[in-house]
Amino acid sequence: LLLRAYLANRSRLRRKLRRLLTEWGGVAERGYAVDRTGFTSAHLAEAGRPAAARILSETPWAAKAFGLWGSAMLIRVQMMHVTLGFNLELYLPHELCMVYWYMEYLMQALMERLTDGETSLTQEAAAAKPIGGGSPGGGGGGGSRPTKRRKKQPRASRPPRPPRPPRPPTRTLKSGL
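Residues numbered from 1 in each chain as written. Predicted model: local features only at pLDDT ≥ 70, side-chain atom pairs only at ≥ 80, totals over all residues. Heavy atoms only, no water.

Draft legend 1. Here's a closer look at the overall build of the chain. The secondary structure content of the chain amounts to six helices and zero strands. Pairs at least 24 apart in sequence give 67% of the contacts found in the chain among residues at least 6 apart. For the chain, the computed accessible surface area is about 14400 Å², with 59% contributed by carbon and sulfur atoms. (Helix = DSSP H or I, 4+ residues; strand = E, 2+ residues; numbered from the N terminus. Contact = heavy atoms within 4.5 Å. Areas by Shrake-Rupley, 256 points an atom, 1.4 Å probe, with all protein chains shown as cover.)

Written out as structure tokens, the structure reads:
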């Protein structure tokens, strides 16, 4: 439904987004309900998973992954709804202060949700790196050797560049044609 709404013109899009806000609110609530069951953490912590997945299951993100996604999408729909009000010039000059404040509030809320996910994923990425800083294959033979870089010659010992050929003259258009 959200994709179909984006295919409409701006005024209809704003009206459809307003109606979709209630549906996305329900999606966010269901996401938080799934998170309360502990599904994501349990799924990532299963035996046989890589160590990075087990570490990701212990992060704060895993305890609220579905709820964060649903509420982030809800915030994006709200921001688009408010932004379309600007584009359609629906706000009076004395209302702009409140609209700017609300947009700032929505941006901060979205930033909080995205920051939760980012910190958890950086913890997971750090855990996925092999210990010792070697290659993922375990380090011991068979890998490619680092190539030696040639030192640049000092400018004085470099051979001089040949002179560039002169450029052909550019044509100018006659104004009487």
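Draft legend 2. Representation of the environment of Leu-17. Structurally, the position occupied by Leu-17 is in helix α2 (residues 10-37). By relative accessible area, Leu-17 is classed as buried at 0%. Separated by 65 residues in sequence, Leu-17 and Val-82 have C-alpha atoms that sit 9.9 Å apart. (Buried < 20%, exposed > 50% of the residue type's maximum accessible area, 1.4 Å probe, protein only.)

Draft legend 3. Molecular detail of the packing of aromatic side chains. Tallied over the entire structure, the rule returns six aromatic pairs. Here Phe-86 and Tyr-91 contribute two aromatic rings whose centre-to-centre distance is 5.4 Å and whose plane-to-plane angle is 75°, an arrangement assigned as edge-to-face. When the ring of Phe-86 is compared with that of Tyr-100, the centres are 5.5 Å apart and the planes differ by 25°; the resulting orientation is stacked. Of this pair, Phe-86 sits in helix α5 (residues 65-87) while Tyr-100 sits in helix α6 (residues 96-128), placing them 14 residues apart in sequence. Under the relative-accessibility criterion, Phe-86 is labelled partly exposed at 27%. Each member of the aromatic cluster is reached from another via a ring pair, and the members are Phe-86, Tyr-91 and Tyr-100. (Phe/Tyr/Trp six-rings, centres within 6.5 Å; stacked < 30°, edge-to-face > 60°.)

Draft legend 4. Representation of a positive patch on the surface within the structure. A grouping of Arg-12, Arg-15, Lys-16, Arg-18 and Arg-19 is seen on the molecular surface, where their side chains present a positively charged patch. Note on placement: Arg-15 falls in helix α2. Judged by its relative accessible area of 35%, Arg-15 falls in the partly exposed class. (Patch = residues over 30% accessible without salt bridge, like charges linked within 9 Å, V, L, I, M, F, W, Y side chains within 5 Å. Salt bridge = Lys/Arg side-chain N within 4 Å of Asp/Glu carboxyl O. Lys, Arg positive; Asp, Glu negative; His and termini not counted. Charge placed at Lys NZ, Arg CZ, Asp CG, Glu CD.)

Draft legend 5. Up close: the packing of α2 against α5. Packing of α2 against α5 leaves a shortest axis separation of 8 Å and a crossing angle of 165°. Between α2 and α5, the interaxial angle falls into the category roughly antiparallel. Regarding α2 and α5, the two cross each other, and that crossing is left-handed. Residue composition of the contact of α2 with α5, grouped by class: 17 nonpolar, nine polar and four charged. (Axes fitted to C-alpha atoms, helices over the stretch in contact; angles between N-to-C directions. Parallel < 35°, antiparallel > 145°, perpendicular 65-115°, else oblique. Left-handed = near helix turned anticlockwise from the far one by under 90°. Nonpolar A, V, L, I, M, F, W, Y, C, P; charged D, E, K, R; others polar.)

Draft legend 6. Seen up close, the environment of Thr-115. Mapped onto the secondary structure, Thr-115 falls in helix α6. C-alpha separation for the pair Thr-115 and Trp-61, spaced 54 residues apart in sequence, amounts to 9.6 Å. A distance of 2.6 Å separates a polar atom in the side chain of Thr-115 from the backbone oxygen of Met-111. (Polar contact = N/O pair within 3.5 Å; in protein donor to acceptor, adjacent residues only side chain to side chain.)

Draft legend 7. Main features of α5. Here α5 contains 23 residues, and its C-alpha end-to-end distance of 33 Å stays within 8% of the 33 Å for a straight helix at 1.5 Å per residue. Two residues or fewer past α5, Glu-89 is found with a positive phi of approximately 55°. (Expected span 1.5 Å × (residues − 1).)

Draft legend 8. Summary view of unusual backbone geometry. Despite not being glycine, Glu-89 shows a phi value in the positive range, around 55°. Mapped onto the secondary structure, Glu-89 falls in the loop between α5 and α6.

Draft legend 9. A look at α2. With 28 residues, α2 extends 39 Å between its outermost C-alpha atoms, agreeing within 8% with the 40 Å of an ideal straight helix rising 1.5 Å per residue. Largest kink in α2: about 35°, centred on Leu-20. Among the residues of α2, Leu-13, Arg-14, Leu-17, Leu-20, Trp-24, Gly-25, Gly-26, Ala-28, Gly-31 and Asp-35 are the ones counted as buried. Where α2 ends, the next residue or the one after it, Gly-38, has phi of about 80°, a positive value. (Bend = angle between axes of the 7 residues up to and from the residue.)

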